[in-house]
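Notes for the structure review
The chain contents come next:
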Amino acid sequence: MTLLPGTPFDCHPDGDKLKEECGIFGVTGVADAAHFVALGLHALQHRGQEAGGIVCHDPVQGFNSARRFGYVRDNFTRSDVMATLPGPIAIGHVRYSTAGSKGATAIRDVQPFFGEFSMGGCAIAHNGNLTNAAALRRELIERGSIFQSSSDSECIIHLMARSIQKTIAERLKDALRRVEGAFSVIAMTRTKLIGVRDPLGVRPLVLGRLGEGWALSSETCGLDIVGAEFVREIEPGEMVVIEEGRVNSHRPFAPAPSRFCIFEHVYFSRPDSLIGGRSVYETRRQIGVELAREAPVEADLVCPVPDSGTPAAIGYSHESGIPFALGIVRNQYVGRTFIEPTEQIRNMGVRLKLNVNRALIQGKRVVLVDDSVVRGTTSRKIKDMILDAGAAEVHFRIASPPTAWPCFYGVDTPERSKLLAATMTEDQMRDWIGVDSLRFVSLDGLYRAAGEAAGRNAAAPRFCDACFSGDYPVAPADQIEQGFQMKAAG
């Protein structure tokens, strides 16, 4: 859940991590569908902890919804809440804001959004970010639309309202042809569950079989928790419409080369999920193997920065022959506190969530493996903790290339001037963090770990890697209008 400013826990380590903006889940063809959606959202909680919502439909009671701040477990496990969500079809959303009121979400910003059209109601849940939302919003407001939220996703509902198509599925196609950027969308009507991915397939969406019903999820781990059988990924540019137990596939967009977000492999997705038939855990372990080959070092221990650095640290250890050890232990129970938020308490920062295994670290040359360096502030604090525990040397190995460009496709990224890699060389970053060495996996190494044996094909990259390369597959129109400078060609 969102931590209120002024508590001693508002500077936890994840504040220096890139944040995925949301997870989406939908179910049709089962009794009490909202209960399955709540479980699916719980499995997708890592994708958004700020707020969550569920919309369902019951033939007798019609559409119902519940939106709450905080964790799924604190809201959608309550019998009084779930009793208000009957019916055989439901969709849900967990949110971490990347568009609209970042860090100051109002309940009206919490998805799914709902619209009542002449042919019936429709709810939508959106994962991603629309890069032309500001222009669309201006146009829609000028034509009389009244927005209820600050979210870019609400544009889709208003575009649907203005469509002249006769069915909700066709209106959704119309709307999504107008938007730019990245989107996976789950929508529902009284009888249909609909899933759509943008033409480049930047954001994930998978299809599962749940008894006689069906499920759509951002990740396969969402299917696992409800006992659904993974069937396949929704393909880039595909729309599936599920009704009366049948799945019908449509292609509403012009074909385009796939550019799936490579950071899903590095950090966002859960390690027990599958992407493109490949284990996320195995890809992260292989990143560690590539790191050990590209950036060897003499050391005594390889330690992950928990928990996201663990698979890469295992790979680094296996390839290098340096023993793996849990030199840093995470406190899993950090939360709100009654301690007066004095400056001294607030300065504890990272130590409230991570603690060094001092007996293991003392006198050792330590390789710390983390998934990324964004602002670098957390890396400095962790380095200080390791040195305070008596480490002889500290070497950072990072399981992604330097993050030098902001993401505009649904990831909460600082502006470019606040990204350490945008203003410093690797050596300068090493000196600023204050470690004995600092190395990132190369972009080619990352691609090899993700299954591309030849590395990155610069002429036709398989993934969206704009946060590393500055190569944006969709021009961020709204940001360019505000003065954002794209990387010079060549």
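Small disclaimer: the values here were computed from a predicted structure and weren't measured. (Residues numbered from 1 in each chain as written. Predicted model: local features only at pLDDT ≥ 70, side-chain atom pairs only at ≥ 80, totals over all residues. Heavy atoms only, no water.)

**Comments concerning the packing of helix 5 (residues 154-162) against helix 6 (residues 168-178)**
- Following both chains from N to C, one finds helix 5 and helix 6 inclined at 120 degrees, their axes separated by 8 Å at the closest point. As judged from the angle between their axes, helix 5 and helix 6 are oblique. Of the two elements, helix 5 crosses helix 6, and the hand of that crossing is right-handed. Contact residues: Ile156, Leu159, Met160 and Ala161 in helix 5; Ile168, Arg171, Leu172, Ala175, Leu176 and Arg178 in helix 6.
- Counted by class, the contact of helix 5 with helix 6 contains eight nonpolar, no polar and two charged residues. (Axes fitted to C-alpha atoms, helices over the stretch in contact; angles between N-to-C directions. Helix = DSSP H or I, 4+ residues; strand = E, 2+ residues; numbered from the N terminus. Parallel < 35°, antiparallel > 145°, perpendicular 65-115°, else oblique. Left-handed = near helix turned anticlockwise from the far one by under 90°. Contact = heavy atoms within 4.5 Å. Nonpolar A, V, L, I, M, F, W, Y, C, P; charged D, E, K, R; others polar.)

**Quick notes on the nonpolar core**
- Ranked by size, the top nonpolar core spans 71 residues in total, and within it Tyr316, Leu368, Ile386 and Phe396 carry the most contacts.
- The contact partners of Ile386, leaving out residues within four places of it in the chain, are Ile328, Val356, Ile361, Leu368, Ala391 and Val394.
- Of all hydrophobic cores here, the second largest spans 28 residues; its members include Met160, Ile168, Phe183 and Val185. (Core = buried A, V, L, I, M, F, W, Y, C linked by side-chain atoms within 4.5 Å. Buried < 20%, exposed > 50% of the residue type's maximum accessible area, 1.4 Å probe, protein only.)

**Things to note about the side chain of Arg47**
- Within the secondary structure layout, Arg47 lies in the loop between helix 1 (33-43) and strand 3 (51-58).
- A relative accessible area of 1% places Arg47 in the buried class.
- Polar contacts involving the side chain of Arg47 include one to the main-chain carbonyl oxygen of Cys22, which spans 3.1 Å.
- At 2.8 Å, the side chain of Arg47 forms a polar contact with the side chain of Glu264. (Polar contact = N/O pair within 3.5 Å; in protein donor to acceptor, adjacent residues only side chain to side chain.)

**Description of the pairing of strand 13 (residues 239-243)**
- Taken across its five residues, strand 13 has four buried, putting it largely inside the fold.
- Bridge analysis of strand 9 (residues 193-197) against strand 13 gives four bridges, and the strand direction is antiparallel. Each bridged residue has a counterpart across the sheet, and for Leu193 the counterpart in strand 13 is Ile242.
- With five bridges joining them, strand 13 and strand 14 (residues 246-250) adopt antiparallel strand pairing. When the bridges of strand 14 are listed, Glu243 appears paired with Arg246.
- Hairpin connection of strand 13 to strand 14: two residues between the antiparallel strands, including Glu244 at a positive phi of 50 degrees. (Pairing = 2+ DSSP bridges.)

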